[in-house]
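Next come the chains, spelled out residue by residue.
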Amino acid sequence: MQTKVIQVNPENINKSSLLPAAEKLKEGGVVAFPTETVYGLGAVYNRENALKEVFTVKGRPADNPLILHIWDQRQLADIVLEINPRYQLLMDAFWPGPLTLVFPKKPDISPLVTAGLETVAVRMPSHPVGRQLLELTGLPVAAPSANLSGSPSPTLAEHVISDFDGKIPYVIDSGPCSAGIESTVLTLTTDQPIILRPGSITREMLEKVLGEPVYLTKPGEIDRPQAPGMKYRHYAPKAPVILVEGKNDKVVEKINQLIGEKPTSQKVIILSSTENKDRYCRGIVMDIGPQTQLEITAALIYQSLRECDKLQADLVLIEGVSDEGLGAAIQNRLRKAAGGNVIDVT
Ligand code: TXA
Ligand code: MG
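Attention in this report is confined to the structure presented alongside it. Along each chain, residue indices are assigned from 1 in the same order as the chain's sequence is written. Going through the entries in the order they are written, you letter the chains from A and number the ligands from 1. Under the rules for a predicted model, residues below a pLDDT of 70 receive no local features and side-chain atom pairs below 80 are neither given nor counted, while totals for whole chains, interfaces and linings still include all residues. With hydrogens and water excluded, all non-hydrogen atoms of the structure serve as input to the side-chain values.

1. Some details on the sheet that holds strand β7 (residues 141-142)
By way of backbone hydrogen bonds, the strands of a sheet pair with one another, either parallel or antiparallel. Taken in spatial order, the eleven strands line up as β1-β8-β2-β3-β7-β4-β6-β5-β9-β10-β11 in an open sheet, and their pairing is mixed. Edge positions in the sheet fall to β1 (4-7) and β11 (215-216), since each has one partner strand and no second. Contact criterion: two residues are considered in contact whenever any of their non-hydrogen atoms come within 4.5 Å of each other. Only the stretch in contact is used when fitting a helix axis, every axis being a line fitted to C-alpha atoms; angles between N-to-C directions are given from 0 to 180 degrees. Only DSSP runs of H or I covering at least 4 residues are called helices, and only runs of E covering at least 2 are called strands; the numbering of each starts at the N terminus. Each of β1, β2 (31-33), β3 (40-44), β7 and β8 (170-173) touches helix α1 (residues 15-27); the most contacted strand, β8, lies at about 140 degrees to it. Sheet contacts for helix α6 (residues 157-164): β1, β2, β3 and β8; angle to β8, the most-contacted strand, approximately 165 degrees. Any two strands are treated as partners once DSSP identifies two or more bridges connecting them.

Rendered as structure tokens:
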């Protein structure tokens, strides 16, 4: 199969250029498209073969459910059982945008979408090109991030192409994704609201709108992870990754020590804050943004992890960020990329 790349400028959308991709989705094909978080690998929600194809091409475990993407709240009537006032408050505040809500599902939703759960995750992206494609398609579109399972999520069309060239018919290229990390996943199907995956809609933002405490699941806190995807090692470059977190000066000192322990023939890459980027004794330093502007770090993080593979790193050392606000989501991804190799130098 030849993969066609359709360039669509988000500031001046040429609707007709999206028609072949919308047709392909309706016929039961798989299409990669931009959202404000990361690129998604879309299939119409009731097309069993297309849904299966999504799992196959990604190499995604069957027990990891998909998020349905809609462009209009009226589409919820076909997929969810009930919308209580708490959902409505959050939708009014954050949709369209990077918040996924877990609802009780309508019985006829394909188990391929929900991985057999009684709930379904739904979000309304804010990316104008993603939204236009959803509107032209007219049906909810199931879409995981458009990366091979386990590799860093795609924030540029070239990331999608590098994972799926020749395996899917269309990639819509609208340049970089602005948020850069996947949506916040929140469930209200439990007694208390629980964030199953942190993202750029932070706990503080959700609490403000709901007027009640919102909880964050920590790995291992619940027996069966409720966002099943969170139990897999994710987002990782091929080289071993060590995340060093704690007091700033101690982090720099520890990373310099780890660099010193590696033979000089080995390629070490350091993901550093702008503030610290000139403080490392050796290695390739990638600037992942100032400590005070974590939205820049969020937008750069997956791209930087992919860059480590391109440069054939032997070891990747990453400075941790603050756990506050958006930092919670970034730290969540970094800890996963490190697969448990975390050094705390508080
Ligand atoms: O920003 C995003 O959410 C991106 C873009 C493409 O929209 N999509 C994305 O999808 O990150 P994916 O498949 O990579 O991650 C979906 C996450 C997984 O952790 C999955 O387990 C969780 O959402 N999830 C899906 N349905 C769920 C459900 N019914 N209950 C709990 N968690 C669910
Ligand atoms: Mg993913």
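2. Some details on the environment of glycine 116
On the secondary structure map, glycine 116 appears in the loop between α4 (111-114) and β6 (119-123). Each residue gets one of three labels from its accessible area relative to the maximum for its type: buried under 20%, exposed over 50%, partly exposed in between, using a 1.4 Å probe on protein chains only. In this structure glycine 116 comes out as exposed when scored by relative accessible area, which is 52%.

3. Quick look at helix α3 (residues 85-94)
Listing the buried residues of α3 in full gives Tyr87, Leu90, Met91 and Phe94. Take α3 and look down its axis: the buried residues cluster within an arc of 100 degrees, on one side only. Exposed residues pointing more than 90 degrees away from the buried face of α3 are listed as Pro85 and Asp92. At its buried positions, α3 is contacted by β5 (99-104), β9 (184-187) and α7 (203-210). The term polar contact refers here to a pair of N or O atoms within 3.5 Å; inside protein, the definition further demands a hydrogen-donor-capable atom paired with an acceptor-capable atom, and it admits residues adjacent in sequence only when both atoms are side-chain atoms. Two or three places before arginine 86, at the opening of α3, asparagine 84 has a side-chain oxygen 3.0 Å from that residue's backbone nitrogen. Throughout, the arc means the angular range of directions from the helix axis out to the C-beta atoms.

4. Looking at the packing of α3 against α7
Two numbers describe how α3 lies on α7: the axes approach to 10 Å, and their chain directions differ by 120 degrees. Relative to α7, the element α3 is oriented oblique. As for the relative orientation of α3 and α7, their crossing is right-handed in sense. Contacts between α3 and α7 involve Arg86, Leu89, Leu90, Ala93 and Phe94 from the former and Met205, Leu206, Val209 and Leu210 from the latter. Small angles under 35 degrees read as roughly parallel and large ones over 145 as roughly antiparallel, with 65 to 115 read as roughly perpendicular and the rest as oblique. A crossing counts as left-handed when the near helix is turned anticlockwise from the far one by less than a right angle, and as right-handed when that turn is clockwise.

5. Let's talk about the environment of glutamate 11
On the secondary structure map, glutamate 11 appears in the loop between β1 and α1. Using a relative accessible area of 76% as the deciding quantity, one classes glutamate 11 as exposed. In this structure, the C-alpha to C-alpha distance between glutamate 11 and serine 174, residues 163 residues apart in sequence, is 9.5 Å.

6. Details of the nonpolar core
Residues belong to a common nonpolar core when they are buried Ala, Val, Leu, Ile, Met, Phe, Trp, Tyr or Cys residues joined through side-chain atoms within 4.5 Å. Grouped together as the largest cluster of nonpolar side chains are 62 residues, with contacts concentrated most on Trp95, Phe103 and Ile172. Per-element accounting of this core gives the leading share, five residues, to helix α2 (residues 48-58). With 26 residues, the next largest nonpolar core counts Met286, Tyr302, Leu305 and Val316 among its residues.

7. Section: the sheet that holds strand β16 (residues 342-345)
Sheet architecture is open: five strands sit in the order β14-β13-β15-β12-β16, paired in parallel fashion. The open sheet has two edge strands, β14 (284-287) and β16, and neither has a second partner. For this sheet, the mean inter-axis angle between neighbouring strands, taken without regard to orientation, is 20 degrees. Relative to β14, strand β13 (residues 268-272) is paired through four bridges, and the arrangement is parallel.

8. Concerning the packing of α1 against helix α5 (residues 128-137)
Packing of α1 against α5 leaves a shortest axis separation of 9 Å and a crossing angle of 55 degrees. In this view, α1 runs oblique relative to α5, as classed from their interaxial angle. For the pair α1 and α5, the sense of crossing is right-handed. Counted together, Lys15, Leu18, Leu19, Ala21, Ala22, Leu25 and Lys26 of α1 and Val129, Gln132, Leu133, Leu136 and Thr137 of α5 form the full contact between these two elements.

9. Concerning the pattern of salt bridges
Each salt bridge in this description consists of a side-chain nitrogen of Lys or Arg and a carboxyl oxygen of Asp or Glu lying within 4 Å of one another. Per the stated rule, a full pass over the model turns up 13 salt bridges. Salt-bridge contacts for arginine 203 lead to glutamate 207; the nearest nitrogen and oxygen are separated by 3.8 Å. Taken together, the positions of arginine 203 and glutamate 207, both in helix α7 and four residues apart, correspond to about one turn of that helix. Close ionic contact of arginine 279 with aspartate 249 constitutes a salt bridge, the shortest N to O distance being 3.2 Å. Of this pair, arginine 279 sits in the loop between β13 and β14 while aspartate 249 sits in helix α8 (residues 248-261), and the two are 30 residues apart along the sequence. Of the residues examined, arginine 279 reaches a relative accessible area of 37% and is grouped as partly exposed.

10. Structural notes on α6
Residues of α6 that are buried: Ala157, His159, Val160, Asp163 and Phe164. Seen along its axis, α6 keeps its buried residues to an arc of 155 degrees; they face one direction. At the C-terminal side of α6, glycine 166 shows a positive phi close to 85 degrees.

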